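Examining the three-dimensional arrangement
Listed here are the chains, written in short residue letters.
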Amino acid sequence: MNAKKRAELLRLFDDLRVCDVRDAMDAMGYFHYGSMDQNIRPLWRTRAFGLARTVRYLPYLGPEPRLSAEAYRREWTGMYYREICPYPWVDEIQEGDFVVIDQSGLNVGLMGSENSFGCFNKGARGLISNGGVRDTDELILQKIPFWSRSIAQSMVQVRLQFDAKNIPIAIGGVQVRPGDMVVADGDGVIVVPQEIALEVARWAHEEHDRDKQSRREHYRTAGRELDKTL
């Protein structure tokens, strides 16, 4: 996707909610596509949107190391992160990306406070995983937008191995491809295929504007009623 189209899509989805996007996709006939399973939840109430940067990790095949604690920490762990479970996609992150991770549903901490913060500082708007995430107290304090299926305690050694990046993956029952638009908030996550993203944004803004007008009237009514009680 060229820089001009990236910038246009990011501008168009800037203030849209998940429900605005859902209503727009329904209006266009995509009734059963886009919404991730509700088990994919935010760590804290927030909102994020961006263009999908996808990555996939698979369960580790082995063998398990039979080493002393010192050898495991000083030798095997470094080899594991270099050769078995690297993060080659991190250096490719662009401003406006939404990192979407298929970690085969495993409840392990592939991402935590340090590497998630690094992604955020490189320009990622948010992160999603169909597995676990750890260091969640720090992630909340750092205000890193993160949606996951579970909360994990363990690291990934002897549990996951890197498979591929920038490929179609499936998260929460939805296919996600590099460059698809991802919108996430307290209502969950929705994915918009890039081929229809511009039209979805148009209908979503119409819905959003109509809803704002309706709520504005409610606020005015509430304000008048409040005045009567003073």
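Residues numbered from 1 in each chain as written. Predicted model: local features only at pLDDT ≥ 70, side-chain atom pairs only at ≥ 80, totals over all residues. Heavy atoms only, no water.

**Brief notes about the environment of Arg-220**
Take Arg-220: it is sitting in helix α6 (residues 197–229). On the basis of relative accessible area, Arg-220 is assigned to the partly exposed category, the value being 44%. A sequence separation of 104 residues divides Arg-220 from Ser-116, and the C-alpha atoms of the two residues are 42 Å apart. (Helix = DSSP H or I, 4+ residues; strand = E, 2+ residues; numbered from the N terminus. Buried < 20%, exposed > 50% of the residue type's maximum accessible area, 1.4 Å probe, protein only.)

**A few points about unusual backbone geometry**
Note that the residue after Gly-62, namely Pro-63, is joined by a cis bond; omega there is 5 degrees. At Asn-166, a position not held by glycine, the phi torsion is positive, near 55 degrees. Within the secondary structure, Asn-166 is located in the loop between β6 (160–165) and β7 (169–171).

**Some remarks on helix α2 (residues 18–27)**
Restricting attention to buried positions, one finds in α2 the residues Val-18, Asp-20, Val-21, Arg-22, Ala-24 and Met-25. After α2 finishes, the residue Gly-29 shows a positive phi value of roughly 95 degrees.

**Brief notes about the environment of Glu-207**
Within the element layout of this structure, Glu-207 appears in helix α6. Here the alpha-carbon distance between Glu-207 and Asp-23, two residues 184 residues apart in the chain, equals 7.4 Å.

**Some thoughts on the packing of aromatic side chains**
In this description, an aromatic ring pair is defined by two values, namely the gap between the centres and the angle between the planes. All told, the structure shown has 9 aromatic pairs when counted by the stated rule. Taking 6.1 Å as the distance between ring centres and 50 degrees as the angle between the ring planes, the aromatic pair formed by Tyr-57 and Tyr-87 counts as tilted. With Tyr-57 in strand β2 (residues 48–59) and Tyr-87 in the loop between α3 (69–84) and β3 (97–102), the pair connects residues that are 30 residues apart, well separated along the chain. Ring plane angle 80 degrees and centroid distance 6.5 Å describe the contact between Tyr-60 and Trp-76, whose orientation is recorded as edge-to-face. With Tyr-60 in the loop between β2 and α3 and Trp-76 in helix α3, this residue pair connects regions lying 16 residues apart in the sequence. Trp-76 carries the same exposure label as Tyr-60, and that label is buried. Among the aromatic side chains, those forming a connected cluster through ring pairs are Tyr-60, Tyr-72, Trp-76, Tyr-80 and Tyr-81. For Arg-125, the ring lying beneath its charged end belongs to Phe-49, and the centroid distance is 4.9 Å. Above the plane of the ring of Trp-44 lies Lys-143, whose end atom (NZ or CZ) is 5.5 Å from the centre. (Phe/Tyr/Trp six-rings, centres within 6.5 Å; stacked < 30°, edge-to-face > 60°. Lys NZ or Arg CZ within 6 Å of the ring centre and 35° of its normal.)

The values reported here are purely geometric and, on their own, carry no functional implication.
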